Amino acid sequence: MAYLRSPPLFVLKCVGVFFILLFLAANVALWHDTQYWNVPSVHHPAGAPTHNHPIRKLMLDARKRHEETLLKRSTDLNTAARRYRERRGRHPPPGFDRWFQAAMETDAIHVEDYFDRIYKDLAPYWALEPEVLKRRASSWHFVVRVRGGTATMKGDVGDRVLWLELWNTLVEEFAEHLPDVDMPINYMDESRILVPFNNITTLVDKEKKERKMVDVKEVTTEFKGLKEIDETSSETYEPEWHGPDEQYWDVAVKTCGPNTPAHGVKQVADLSQPSEFPQNYRPSYAYKGFIQNWTAAIDPCLQPHLRQLHGSLIEPVSIRSTEELIPLFGGSKLPMNNEILIPGAMYLTDREFYSGGESHGPTWVRKKTQLVWRGMGSGGRTKPHSWHHFQRHRLIDMLNSTSVSRAEAEGRAMTFELPSHEIYPDYRIKDGQLSEWLKTFADAGFGLLCPYDECDWLGTYFKVVKSIPMKKQYQYKFLPDVDGNSFSARFRGFLRSTSVPLKASIYTEWHDDRLVPWLHFIPLDNTLQDLFPALDFFADGDGPGDMAARFIAESGKDWAEATLRREDMRLVCDENRHNLGFVDDIK
Ligand SMILES: *[C@@H]1O[C@H](CO)[C@@H](O)[C@H](O)[C@H]1NC(C)=O
Ligand SMILES: *[C@@H]1O[C@H](CO)[C@@H](O)[C@H](O)[C@H]1NC(C)=O
Ligand SMILES: *[C@@H]1O[C@H](CO)[C@@H](O)[C@H](O)[C@H]1NC(C)=O
């Protein structure tokens, strides 16, 4: 028999199979054998039972939700088209068959729900006159332009060209399937479009009213094209811009509806005071102090306190926002913004700076049970009176044992408060022990204090530390991730790393509908009040928390490799938004 002649190979295969079985068994045990969760580990003495820890419930719920969503997976065109009609109330766009075929050829996991983001982003644009839309799109400063199946860049935006090229290349990969289209691209870090609540509601309602399933006989697959636009040269459409002389929050808050807590709330007048945290904070989006609903947890309209707990809402590096609807494409945005999301350009580069390259770091058991963070002091313009309100600065301060030790003595720090024992009763690290623990557990610091302004004065509070390349960071089990000037751009790299990302953010991204918190990553509140209690649960050496963290790390990696690939990013961008249809399946 063949394998007798090549025993090493056979042995290797057996070993491989064995490990897969072992891994499966471990996962099955983790989820189905509550014994693991009942073992009182040395770090969780009686009184802190792991088996009814709120995180356990959140993890089980997450897994259930994920499985339910996956039941809606489509593997053939007819099912996909039917699900499209059910969910969108329209026929799929022309070319849907080719698009779906491409998805199947690249083994994409197709669930219609994963595209909710796009339809939500596009909804108000349906309500604009096509003429207005086309004109605003084609005349923008920077446009990825598709004509006759070829993509080209139009416009000049200086040193941002690298990002734009990355987007152009992505579009180029499937341009042959696209109708003529102009994709105006936001070339700034910050998101730009803030249509006030009343205006956006009018547009969204109009779209809802006009949405209909066109009679099959009337459906066409012919696009009108953009010939007319191309023949008339037009000046760049410049809406009215809000600039740096205005408070960003005061412009942004106009997008918050009358039923949201932030409605009409102004920016705080004096930012020189310590950051103010909501007291006895038990928001409806959290379960016993831990995030349950990520969509709500990233929404500043639901959390007016974030206006003074996040740099983007205090003083962004650049402010150029408009209340008018321009169909701008961008890599991330606040839930308040109206850009159309496409995968962030940094996710399209192979540069190891963002991704860590193809290396995923060592296996879980060989990683250090420690946390690491490196990055810039970005997130906005830190000023002497306001720096302590910034999210990155809060994170670094909370992971600094000197600062925490002082907070333990004095009750709080400029940047943070210690978590409340009333909200987190099972929290094992009592006051006075946290700073000692952080000394050996956390290694976090800025590689550059201020990327934009001169700010030596920040040296009183933070030390510039030696940078650690991304792939070396993957030797640590815990990787916190907070926003920079907008999204941090490392999330995908972290997800693919087999370390476990802990994420706090107020930004939405293209992949939000396909990632499940507590299954693929650990969600954190933007106040970071849950940071220590979450680490307390997961960083228990080799106890049940560690198994849970490993489970999230590994399922996050598998899932990212299955659904956050370049092929998937391509499918997401390829959205023909015309009221034309594909009906071959029901003709
Ligand atoms: C999560 O929060 C969003 C925003 O508030 C809300 O629309 C949604 O219904 C919530 N989801 C669940 C499952 O409660
Ligand atoms: C928004 O709506 C108000 C009336 O509610 C109107 O005066 C204003 O012009 C609208 N703004 C834009 C940008 O359309
Ligand atoms: C930690 O905090 C102390 C006291 O504020 C500060 O001097 C030190 O530079 C901080 N360390 C880092 C890595 O930022």
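See the structure shown above.
Residues numbered from 1 in each chain as written. Chains lettered and ligands numbered in written order. Predicted model: local features only at pLDDT ≥ 70, side-chain atom pairs only at ≥ 80, totals over all residues. Heavy atoms only, no water.

Trainee: In this structure, what is going on with unusual backbone geometry? I would like to understand it.
Mentor: Comment: phi is negative for the bulk of residues other than glycine, and the bulk of peptide bonds are trans. The phi dihedral of N280 falls on the positive side, at around 45 degrees, and the residue is not glycine. Looking at the element boundaries, N280 is found in the loop between α12 (248-252) and β4 (286-287). Non-glycine residue W518 carries a positive phi angle of around 75 degrees. As for its position among the elements, W518 is in the loop between β11 (500-503) and β12 (522-523). By relative accessible area, which is 2% here, W518 ends up buried. (Helix = DSSP H or I, 4+ residues; strand = E, 2+ residues; numbered from the N terminus. Buried < 20%, exposed > 50% of the residue type's maximum accessible area, 1.4 Å probe, protein only.)

Trainee: Teacher, can you tell me more about the pattern of salt bridges here?
Mentor: Close approach of charged atoms allows side chains with opposite charge to pair. This model, assessed by the stated rule, comprises 31 salt bridges. We note a salt bridge from D116 to R88, for which the minimum N-O separation is 3.0 Å. Separated by 28 residues along the polypeptide, D116 in helix α7 (residues 116-126) and R88 in helix α5 (residues 77-88) bring together distant segments of the chain. Between D453 and R381 there is a salt bridge, and its shortest N-O distance comes to 2.9 Å. With a gap of 72 residues between them, D453 in the loop between β9 (442-448) and α19 (470-473) and R381 in the loop between β8 (368-376) and α16 (391-398) connect regions that are remote in the sequence. (Salt bridge = Lys/Arg side-chain N within 4 Å of Asp/Glu carboxyl O.)

Trainee: I keep staring at the environment of W559 and nothing clicks. Help me out?
Mentor: Within the secondary structure, W559 is located in helix α22 (residues 544-563). By relative accessible area, which is 7% here, W559 ends up buried. Those residues in contact with W559 that sit more than four places away from it in its chain are H66, L70, I109, Y114, R514, L515, H520 and L564. A polar side-chain atom of W559 sits 2.5 Å from the main-chain carbonyl oxygen of R514. (Contact = heavy atoms within 4.5 Å. Polar contact = N/O pair within 3.5 Å; in protein donor to acceptor, adjacent residues only side chain to side chain.)

Trainee: Honestly, the site of ligand 3 in this entry has me stumped. Any pointers?
Mentor: For ligand 3, the full set of nearby residues is N400, T402, S403, R406, A444, Y461, F462, K463 and V465. Contact distances for ligand 3 include 3.0 Å between an oxygen atom and a backbone N or O atom of K463. About the coverage of ligand 3: the protein hides 78% of its 360 Å² of free accessible area. Sort the elements by how many residues they give to the shell around ligand 3 and helix α17 (residues 401-410) lands first, with 3 residues. (Near = heavy atom within 4 Å. Areas by Shrake-Rupley, 256 points an atom, 1.4 Å probe, with all protein chains shown as cover.)

Trainee: Explain the sheet that holds β11 to me, please; I cannot follow it from the model alone.
Mentor: Within a sheet, each strand pairs with its neighbour through backbone hydrogen bonds, oriented either parallel or antiparallel. Strand order in the open sheet made by the 5 strands is β9-β8-β10-β11-β12, with parallel pairing throughout. Edge positions in the sheet fall to β9 and β12, since each of these pairs with one other strand and no more. Pairing analysis gives 2 bridges linking β8 to strand β10 (residues 476-481), with the strands arranged parallel. Within the sheet, the bridge partner assigned to K368 lies in β10 and is Y476. (Pairing = 2+ DSSP bridges.)

Trainee: Which parts of the structure should I look at to understand the site of ligand 1?
Mentor: Taken together, N293, A296 and L302 make up the full set of residues adjacent to ligand 1. Take N293: an N or O atom from its side chain is 2.4 Å from an oxygen atom of ligand 1. Taking 360 Å² as the accessible area of ligand 1 by itself, protein coverage stands at 29%.

Trainee: Would you mind showing me how to read a nonpolar patch on the surface here?
Mentor: A cluster of nonpolar side chains, contributed by M376, L448 and Y452, occupies part of the molecular surface with about 250 Å² of accessible area. Tracing the backbone through its elements, the reader meets M376 in strand β8. (Patch = residues over 30% accessible without salt bridge, like charges linked within 9 Å, V, L, I, M, F, W, Y side chains within 5 Å.)

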